[in-house]
Amino acid sequence: MATEESIQLESFELTVGDLADVDVEKLHLLSMSVGWPHRPKDWDMLREVGQGIAAMDQIGRVLGSAMWFPFGDDFATVGMVITSPRLQTRGTGRWLMDRILQQTGPRPLGLNSTRAARRLYLSMGFTPEATVYQCQGEALPSSPPATLTATSLREAEFKDLPELAVLDRQACNADRSALLARLFEASKGMVLVRGDRIVAFSLCRPFGRGSLVGPVIASNDADAIAVTYPHVVNHAGGFLRLDTRQASGAFSEFLTRSGLPVYDTVTTMSLREPWLIREKDSTSVPPVIYGLMSQTLG
Ligand SMILES: CC(C)(COP(=O)(O)OP(=O)(O)OC[C@H]1O[C@@H](n2cnc3c(N)ncnc32)[C@H](O)[C@@H]1OP(=O)(O)O)[C@@H](O)C(=O)NCCC(=O)NCCS
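On a predicted model such as this, the values are computed, not experimentally measured, just so you know. (Residues numbered from 1 in each chain as written. Predicted model: local features only at pLDDT ≥ 70, side-chain atom pairs only at ≥ 80, totals over all residues. Heavy atoms only, no water.)

Draft legend 1. How the structure looks around the overall build of the protein chain. Counting secondary structure elements, the protein chain contains eight helices and 13 strands. On C-alpha atoms alone, the protein chain measures out to a radius of gyration of 20 Å, which is about the 19 Å that the 2.2 N^0.38 rule sets for 298 residues. In terms of its C-alpha atoms, the protein chain occupies a principal-axis envelope of roughly 75 × 40 × 30 Å. Pairs at least 24 apart in sequence give 73% of the contacts found in the protein chain among residues at least 6 apart. Per element, the accessible surface of the protein chain, about 14,000 Å² overall, is 53% carbon and sulfur. A distance of 2 Å separates the average location of the 29 positive side-chain charges in the protein chain from that of its 33 negative side-chain charges. (Helix = DSSP H or I, 4+ residues; strand = E, 2+ residues; numbered from the N terminus. Rg over C-alpha atoms; globule rule 2.2 N^0.38 Å. Contact = heavy atoms within 4.5 Å. Areas by Shrake-Rupley, 256 points an atom, 1.4 Å probe, with all protein chains shown as cover. Lys, Arg positive; Asp, Glu negative; His and termini not counted. Charge placed at Lys NZ, Arg CZ, Asp CG, Glu CD.)

Draft legend 2. Layout of the packing of aromatic side chains. Under the counting rule described, the total for this entry stands at six aromatic pairs. Between F251 and Y290, the aromatic rings sit 5.1 Å apart at their centres with planes inclined by 75°, giving edge-to-face as the arrangement. Taken together, the positions of F251 in helix α8 (residues 250–257) and Y290 in strand β13 (residues 288–291) put the pair 39 residues apart, joining distant regions of the chain. Accessibility classification places F251 together with Y290 in one group, the buried group. One aromatic cluster is present, built from ring pairs that chain together F71, F75 and W275. Over the ring of W275 we find R245, and its NZ or CZ is 5.6 Å from the ring centre. (Phe/Tyr/Trp six-rings, centres within 6.5 Å; stacked < 30°, edge-to-face > 60°. Buried < 20%, exposed > 50% of the residue type's maximum accessible area, 1.4 Å probe, protein only. Lys NZ or Arg CZ within 6 Å of the ring centre and 35° of its normal.)

Draft legend 3. Highlighting the pattern of salt bridges. Throughout the structure, instances matching the rule amount to 15 salt bridges. The partner of R61 in a salt bridge is D57, with the nearest N and O atoms 2.6 Å apart. Between D160 and R154 there is a salt bridge, and its shortest N-O distance comes to 2.8 Å. Through salt bridges with shared partners, one network takes in R154, E157, K159 and D160. (Salt bridge = Lys/Arg side-chain N within 4 Å of Asp/Glu carboxyl O.)

Draft legend 4. Just the UniProt feature "domain: N-acetyltransferase" (unreviewed entry) in the protein chain, in detail. Per the UniProt record, "domain: N-acetyltransferase" (unreviewed entry) is annotated on residues 14–147. Counting secondary structure, residues 14–147 comes out at 31% helix and 33% strand; the distance between its end C-alpha atoms is 57 Å. (UniProt positions renumbered as here; feature names shortened; annotations may be inferred.)

Draft legend 5. Structural detail: the confidence of the model for the protein chain. Across the protein chain, the average pLDDT comes to 92, with 94% of residues at 70 or higher. Long-range and interchain partners of residues 279–284, a stretch whose pLDDT sits below 50, account for nine contacts in this model, where long-range means more than four residues apart. (pLDDT = per-residue confidence, 0-100.)

Draft legend 6. Quick look at the pairing of strand β10 (residues 210–218). Among the nine residues in β10, eight count as buried, and that is most of the element. Two strands pair when backbone bridges link them, and strand β9 (residues 197–207) and β10 are joined in this way by six bridges, in the antiparallel orientation. Note that in β10 the partner of F201 across the bridge is I217. The pairing of β10 with strand β11 (residues 239–244) spans two bridges and is classified as parallel. Bridge pairing links L212 to R241 in β11. (Pairing = 2+ DSSP bridges.)

Draft legend 7. How the structure looks around the site of the ligand. Close to the ligand lie 21 residues; V81, T83, T89, G91 and T114 are nearest. At 3.1 Å, a backbone N or O of R90 approaches an oxygen atom of the ligand. A total of 940 Å² of accessible area belongs to the ligand in isolation, and the protein chains cover 73% of it. When residues of the shell around the ligand are assigned to their parent elements, the largest contribution, six residues, is made by helix α4 (residues 115–123). Classifying every residue of the shell around the ligand gives eight nonpolar, ten polar and three charged. (Near = heavy atom within 4 Å. Polar contact = N/O pair within 3.5 Å; in protein donor to acceptor, adjacent residues only side chain to side chain. Nonpolar A, V, L, I, M, F, W, Y, C, P; charged D, E, K, R; others polar.)

Draft legend 8. Region of interest: the domain arrangement of the protein chain. Looking at the assigned domains, one finds that the protein chain contains domain 1 (15–107) and domain 2 (134–291). Of the residues lining the interface, 16 residues belong to domain 1; the matching set on domain 2 comes to 16 residues. Of all residues in domain 1, M45, F71 and F75 bury the most surface against domain 2, accounting for 38% of the area lost on that side. The salt bridge involving E48 is made with R182; its shortest N-O contact spans 2.4 Å. Looking at which element gives the most residues to the side of domain 1 that touches domain 2, the answer is helix α2 (residues 40–49), with four residues. Looking at the side of domain 1 that touches domain 2 residue by residue, the class counts come to seven nonpolar, four polar and five charged. (Domains from an automatic or database assignment. Buried area = accessible area lost by both parts, 1.4 Å probe.)

Draft legend 9. View of unusual backbone geometry. Going from G214 to P215, the amide bond is cis rather than trans, its omega being 0°. Of note in the backbone geometry, T89 takes a positive phi value of approximately 65° without being a glycine. Inspection of the secondary structure puts T89 in the loop between β4 (76–83) and α3 (92–104). Overall, T89 belongs to the exposed group, its relative accessible area being 84%. Positive phi outside glycine occurs at N173, with the angle close to 60°. In this structure, N173 sits in the loop between α5 (161–172) and α6 (177–186). Note on N173: relative accessible area 11%, which makes it buried.

This is the structure in structure tokens:
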């Protein structure tokens, strides 16, 4: 019951609109309200590569968001699903996700779920597949990795993009070439060359509180370490983040040694078709995603 000191405000009337039409500062306020590190620039980039919806109250405040990112025509990731803390547990998350399912149609979907969202996605039929380790901290270069025989490491160049897109496609079984090209513009990249072929690569871009390394695509731990190490050196003393599904092994130990211990975990989930074990290309050793583009993009 309302008293002189309190007032009961139960009914929020929300309308849903296109996220592309919303002032980026309002989206930034929303993500800050749940403690997420995205800067307005990070929202801008996500809006360039994906689409989504925003829930607004009668005076235009943004109290909810949800986005999706097509990988070619036959798969999409879902992300930036946020409900303002004062509206949580009242069905807003479900309401937003129902609209995303309408927009994405019959496509198989993948996402990385926080603990807060797990119950929501499970109730919508998403299946858990794997754990993602969010590794971050103050970058601390340890001793350089041993030089790999018959390889050379160099900065990625624009002309490498088609080759990087092929490696990326083999690793994630979906066409992310448009996303990769956009990230490339904002990133510094490293490639590992063996013979005349690029066998591993990494990109690193400004994100949130510092910089984020991702994607990292390689066929083994040693190659993944070789393309990640230069970013650790470049950001020594600064805040660096990398999201990985490597639970243990040399790459995961390298991250801890480099000042990037596990800070949190999220769960990779999928709807309609498994995401991580989709049909692989029939090449010899398939490359693997050692570092995600981001939790939102996979
Ligand atoms: C995750 C989040 C979007 C959920 O939004 P929401 O508006 O609270 O979601 P809803 O009210 O629609 O609840 C969805 C389901 O979770 C259940 N639920 C929500 N909060 C709950 C709680 N605290 N305890 C138990 N169940 C809860 C609801 O009962 C509902 O289940 P149902 O569909 O089976 O009825 C919101 O908590 C949030 O923004 N969190 C911070 C950002 C985040 O983690 N986003 C997820 C990114 S993957």
